[in-house]
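Geometric and topological summary
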Amino acid sequence: ILLVDSRQKMQELLRAQLGKRGYRVLIVSNAERGVQRLQEGIGEFDCAIFCTGELGEDALTAFNQLQDDYRTESVPAVIIVEKNQTSFGSRARLGNLHGLLQMPVKVRQLREALVKLITRKEILESAEQEA
């Protein structure tokens with residue numbers, strides 16, 4: 001999983017909690033760099049998480065860019081917006097593989113969203129192979 005967040009505490013918390021559940025987490029603290037990693041590492045990540053906490057508009061822009069690039073359009077992604085950033089939620093481009101969560105988020109909720117999006121991707125890929 002690629003985690004895009006610039007807050008040290010959030011990085012540590014999510015890495016520890018997701019790690020306990022079997023996920024390997026790569027952390028990037030710059031939203032633009034996060035998109036570059038996804039573009040360069042095609043197939044390397046099962047999912048991406050963008051947090052708008054400190055990154056704000058940069059995280060939203062990066063999240064929305066995923067659907068515009070053939071290298072990243074099929075990467076499941078979640079954007080997590082803060083309570084005071086609800087306008088980001090309404091501007092996020094959501095779809096089958098792109099979801100939204102609002103803080104405060106329980107690890108269980110995040111994990112359920114990840115599983116749902118990753119499963120959808122697998123279903124879409126198997127349907128493409130059969131066609």
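Note: the structure precedes this text.
Read on for an overview of the structure. (Residues numbered from 1 in each chain as written. Predicted model: local features only at pLDDT ≥ 70, side-chain atom pairs only at ≥ 80, totals over all residues. Heavy atoms only, no water.)

**Things to note about helix α2 (residues 31–40)**
Among all positions of α2, only Ala31, Gly34, Val35, Arg37, Leu38 and Gln39 are buried. Buried-residue contacts for α2 involve β1 (2–4), β2 (26–28), β3 (48–51) and α3 (57–65). Of the residues that open α2, the one with a side-chain oxygen 2.9 Å from the backbone nitrogen of Glu32 is Asn30. (Buried < 20%, exposed > 50% of the residue type's maximum accessible area, 1.4 Å probe, protein only. Helix = DSSP H or I, 4+ residues; strand = E, 2+ residues; numbered from the N terminus. Contact = heavy atoms within 4.5 Å. Polar contact = N/O pair within 3.5 Å; in protein donor to acceptor, adjacent residues only side chain to side chain.)

**Topic: the layout of surface pockets**
Estimates place the volume of the largest pocket at around 180 Å³. Forming the boundary of the largest pocket are Ile1, Gly22, Tyr23, Arg24, Val25, Leu26, Arg37, Glu44, Phe45 and Asp46. Looking at the lining of the largest pocket residue by residue, the classes come out as 5 nonpolar, 1 polar and 4 charged. (1 Å grid on protein atoms, 1.4 Å probe; cavity = no way out; pocket = protein on both sides within 12 Å on 5 of 7 lines; lining within 4 Å. Points joined across faces, edges and corners; volume = space filled by probe spheres on them. Nonpolar A, V, L, I, M, F, W, Y, C, P; charged D, E, K, R; others polar.)

**Re the pairing of β3**
Taking every second residue as pointing to the same face, both faces of β3 are buried, with Ala48 and Phe50 on one and Ile49 and Cys51 on the other. Looking at chain direction, β1 and β3 are connected through 3 bridges and run parallel. What sits directly across from Leu2, in β3, is Ala48. Across 4 bridges, the pairing between β3 and strand β4 (residues 77–81) is parallel. Paired with Ile49 across the bridge in β4 is Val78. Taken together, β3, α3 and β4 form a β-α-β motif whose crossover is right-handed. (Pairing = 2+ DSSP bridges. Right-handed = clockwise from strand over helix to strand, strands pointing away.)

**A few points about the sheet that holds β1**
Each strand in a sheet pairs with another by means of backbone hydrogen bonds, the pair being arranged parallel or else antiparallel. Read across the open sheet, the 5 strands follow the order β2-β1-β3-β4-β5; overall the sheet is parallel. The open sheet has two edge strands with one neighbour each: β2 and β5 (98–102). Strand after strand, the sheet turns through a mean of 20 degrees between neighbouring axes, direction not considered. Where β4 and β5 come together, 5 bridges link them in parallel fashion. Following the sheet pairing, Val81 is matched in β5 by Gln102. Relative to the sheet, helix α1 (residues 8–20) contacts β1, β2 and β3, its axis offset from that of β2 by approximately 165 degrees. Strand contacts of α3: β3, β4 and β5, with the helix running at about 160 degrees to β4, the strand carrying the most contacts. (Axes fitted to C-alpha atoms, helices over the stretch in contact; angles between N-to-C directions.)

**Quick look at the pattern of salt bridges**
Within the structure shown, the criterion is met by 9 salt bridges. Among the ionic pairs, Asp68 bridges to Arg93, the shortest N-O distance being 2.9 Å. Here the residue Asp68 occupies a position in the loop between α3 and β4, and Arg93 occupies one in the loop between α4 (86–91) and β5, the gap between them amounting to 25 residues. Overall, Asp68 belongs to the exposed group, its relative accessible area being 56%. The exposure class of Arg93 is partly exposed, given its relative accessible area of 33%. Glu125 serves as the salt-bridge partner of Lys121, at 3.5 Å between the closest nitrogen and oxygen. Of the two residues, Lys121 and Glu125 are both situated in helix α5 (residues 107–130); the distance of 4 residues between them amounts to about one turn of the helix. On the basis of relative accessibility, which here comes to 35%, the residue Glu125 falls in the partly exposed class. Through salt bridges with shared partners, one network takes in Asp5, Arg7 and Glu82. (Salt bridge = Lys/Arg side-chain N within 4 Å of Asp/Glu carboxyl O.)

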